Each structure stands twice: as C-alpha cells, then as structure tokens.
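# Descriptive structure summary
Residue-level listing of the chains:
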Amino acid sequence: MNLVRGFATTFKHILEGPVTVQYPEQERPLRERFKGKHALKRYDNGLEKCIGCSLCAAACPADAIWVEAAENTDEERYSPGERYAKTYEINMLRCIFCGYCEDACPTEAIVLEHEFRLSFNDRRDAIYTKDKLIDPLPAGVEGTPRQTEPGVYTRSIPDMKNPD
Amino acid sequence: MGLTSKLGNMGVVTVKLEDAINWSRTRAMWPMLFGLACCAIEMMSTQAAVYDLSRFGMELMRPSPRQSDLMIVAGRVTRKMAPVLRQLYDQMPDPKWVISMGDCASCGGVFNNYAIVQGVDEIVPVDVYVAGCPPRPEQLIHGIMMLHERIKQERIKDWA
C-alpha cells in the first residue's frame with residue numbers, strides 16, 4: 001500500500017510541464033521590495049537629493065560607500081542646502097544589498113532598485129562612481145551644476161517634498 | 001560563433017578552428033563543487049530544476065578537481081582553507097577558469113578581519129567576479145554567460 005502511495009506522487013508529476021525558467025531569454029518577476037543596484041535620485045526640478053551627509057557610509061555594515069561632500073554656492077548648485085556629494089562611490093562587490101543606506105538617508109536620495117546583473121571581469125570595475133549611480137535628468141530640465149537665485153534653496157530638507 | 005559557410009548538398013559545415021574549440025569549451029564546462037558558505041545554497045539552487053545549469057552543459061558538479069574546468073568559489077575563504085583552494089586549483093587540468101561568487105569570495109565582504117582571505121584573487125587568478133550577498137541564481141548565470149563571452153574572444157595565437 002505504501003508502495004502505491006509513493007508511486008502515486010511520482011506519477012502525479014509525470015503530466016506536469018517542466019518548471020525551468022529559460023533565464024537569459026525569460027525572467028522571473030522580481031518582488032517589489034527586491035534590493036539591487038543603487039540609484040541616486042533627483043528632485044523633479046533636476047537638483048540632486050543627496051546632500052553629502054555620509055550617513056549612508058556610516059550605516060553601511062560592509063564599508064562599501066565612500067562620500068566626499070563639498071559646498072554648494074548659488075553660482076554652482078547641485079542640491080538644495082549647503083552641501084552636495086562631490087564624490088559618491090559604492091563598491092558593488094563589497095555591498096551586501098541590505099538597504100541600511102536607504103533607511104539612513106534623510107532626504108531619500110539613495111534607493112536600491114531592481115537591476116541585479118552585476119558581474120565584473122576586474123575588481124576595479126566594481127566601484128560605481130556618482131555618474132553611474134545618479135538618475136538621468138527629467139526631460140526638459142536644466143542639469144547640475146546650475147546657477148540659482150540667492151536665498152531660494154537655503155534648506156537641505158524642504159519637508160521631504162519637491163522644492164518649487 | 002559563426003558558421004562561416006555551409007555546403008548544403010553534402011551536409012558539410014565549415015568553421016574556424018578557434019571558434020569550434022571555444023564553442024566546445026563553453027558548452028561542456030564542468031564546474032567544481034566548491035561551496036563554502038551561504039553562496040553554496042544559491043549555487044545548488046542554480047543547479048536545480050528552476051534554473052537548471054545543464055542547459056549550458058554544466059549539469060555535473062564534479063567533486064574531483066581532475067575532472068572539472070571551472071571553479072566556482074562560493075563563499076568566504078578562511079586563511080586555513082586558502083592552501084586547500086590553491087591545491088585544488090593546481091590539480092585542475094588546463095584550461096581552467098575561476099568564478100568568484102559573492103562578496104566574501106570577491107573582496108572579503110562584511111568579514112573584514114584576520115581570519116578571512118580578502119578576496120580569492122590573492123590566491124588564484126579570478127576571471128569573473130559576481131556581486132551579491134549571496135547572488136541570485138540569475139546573477140550567477142549572468143556571470144557564467146559573461147565568462148562564456150570572454151572565452152569566445154580567446155584566440156589560438158594567444159595560447160601559451
């Protein structure tokens with residue numbers, strides 16, 4: 001009787017199709033909260049959200065992030081407030097994709113997105129600089145650095161919303 | 001690889017020798033079973049039904065270095081394991097390749113301490129580094145495809 005029950009399980013699977021996902025051609029959908037490659041976000045007016053506070057680097061358990069901040073001026077403005085990230089580097093081979101940087105960021109500038117194809121021929125290629133991480137500009141918006149009017153972008157965190 | 005010409009009537013296909021060799025190298029590349037930590041779980045998952053590495057001719061994870069072409073270093077390598085890794089690499093027949101799977105094998109990852117080798121490229125020459133902690137099976141397959149692309153670029157005149 002046990003034999004019949006055991007083979008019943010086997011025969012049940014005979015009629016099922018194969019479960020294999022033909023990966024490079026066909027992909028399984030990712031979960032909403034999947035954490036992949038990072039992106040540095042911009043406000044709708046094209047200014048960078050990152051203010052160079054290095055809290056992400058402090059929160060990173062693997063020490064994968066390196067941030068160097070510099071002062072904003074009204075002639076050369078990258079982000080609202082006093083400072084911006086002059087250098088922003090993430091070593092993708094050191095990052096463990098835990099998302100602590102996302103949690104630590106006060107301006108929601110860094111977000112882990114769904115890109116996961118990260119393989120490298122050389123270890124040096126794994127260090128992603130700011131130009132590789134930052135989001136493209138929204139259409140029809142002036143890029144950074146840009147000249148702005150004095151006294152408009154004085155605060156770095158304008159209530160977490162897009163500045164006018 | 002490209003089929004350079006095809007003579008239909010006789011059923012003969014001609015191809016460049018290096019293309020044929022590179023093609024055969026990429027299509028039967030047996031990996032060595034070298035799981036060291038949590039990445040090994042993802043390596044097993046890559047081997048299992050859903051991702052099925054045998055689609056690329058890699059169904060056999062050889063536990064013996066003499067029969068393997070590719071070493072997937074899956075996991076952190078301790079200083080004590082390092083001589084073993086090197087010896088297994090030396091026992092593999094040429095041509096041989098190494099994939100460093102995951103953060104710990106590639107550069108130490110979170111384990112920045114005296115017990116862990118900070119990247120297996122201190123010990124063996126690594127061809128492809130796969131990021132992720134641990135990498136998804138898709139990421140490992142992407143790394144393997146990248147290695148295949150690299151092998152297809154190899155030329156006979158460069159063989160030493």
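As shown above, the structure is provided for reference.
Below, the structure is looked at part by part.

Quick notes on the rules
- Residues numbered from 1 in each chain as written.
- Chains lettered and ligands numbered in written order.
- Predicted model: local features only at pLDDT ≥ 70, side-chain atom pairs only at ≥ 80, totals over all residues.
- Heavy atoms only, no water.
- Phe/Tyr/Trp six-rings, centres within 6.5 Å; stacked < 30°, edge-to-face > 60°.
- Helix = DSSP H or I, 4+ residues; strand = E, 2+ residues; numbered from the N terminus.
- Buried < 20%, exposed > 50% of the residue type's maximum accessible area, 1.4 Å probe, protein only.
- Lys NZ or Arg CZ within 6 Å of the ring centre and 35° of its normal.
- Axes fitted to C-alpha atoms, helices over the stretch in contact; angles between N-to-C directions.
- Parallel < 35°, antiparallel > 145°, perpendicular 65-115°, else oblique.
- Left-handed = near helix turned anticlockwise from the far one by under 90°.
- Contact = heavy atoms within 4.5 Å.
- Pairing = 2+ DSSP bridges.
- Lys, Arg positive; Asp, Glu negative; His and termini not counted.
- Salt bridge = Lys/Arg side-chain N within 4 Å of Asp/Glu carboxyl O.
- Polar contact = N/O pair within 3.5 Å; in protein donor to acceptor, adjacent residues only side chain to side chain.

### A look at the packing of aromatic side chains
Where two aromatic rings form a pair, the distance of their centres and the angle of their planes describe that pair. Using the criterion set out here, one finds four aromatic pairs over all chains in the structure. Look at Phe34(A) and Phe116(A): their rings are 6.1 Å apart centre to centre, the planes differ by 80°, and that puts the pair in the edge-to-face class. Of this pair, Phe34(A) sits in the loop between α1 (2-12) and β1 (38-40) while Phe116(A) sits in the loop between β4 (110-112) and β5 (119-120), placing them 82 residues apart in sequence. Here Phe34(A) and Phe116(A) have matching classes, each one buried. Here the guanidinium or amino end of Arg117(A) rests over the ring plane of Phe116(A), the centre of that ring lying 4.7 Å away. Positioned above the aromatic ring of Phe111(B) is the side chain of Arg76(B), whose terminal nitrogen or guanidinium carbon lies 5.3 Å from the ring centre.

### Section: the packing of helix α1 (residues 17-27) of chain B against helix α5 (residues 137-152) of chain B
Residue and element names in this part refer to chain B. Closest axis-to-axis distance for the α1/α5 pair is 9 Å, and the angle between their directions is 160°. When the axis of α1 is compared with that of α5, the two are roughly antiparallel. The way α1 lies across α5 gives a crossing that is right-handed. Judged by residue contacts, Asn22, Arg25, Thr26 and Arg27 of α1 engage His148, Ile151 and Lys152 from α5.

### Points about the sheet that holds strand β3 (residues 83-91) of chain A
Within the open sheet, the three strands sit side by side as β2-β3-β6 (chain A). Their pairing is antiparallel. Whereas interior strands pair on both sides, the edge strands pair on one side only; in this sheet they are β2 (65-71) and β6 (127-128) of chain A.

### Notes on the side chain of Arg94(A)
Tracing the chain through its elements places Arg94(A) in the loop between β3 and α3 (100-104). Buried charge Arg94(A) goes without a salt bridge, the closest partner of opposite sign being Asp63(A) at 7.0 Å. From its side chain, Arg94(A) meets the backbone oxygen of Cys107(B) in a polar contact 2.7 Å long. In contact with Arg94(A), other than residues within four places in its own chain, are Ala62(A), Asp63(A), Ala64(A), Asp103(B), Cys107(B), Gly109(B), Asn112(B) and Gln118(B).

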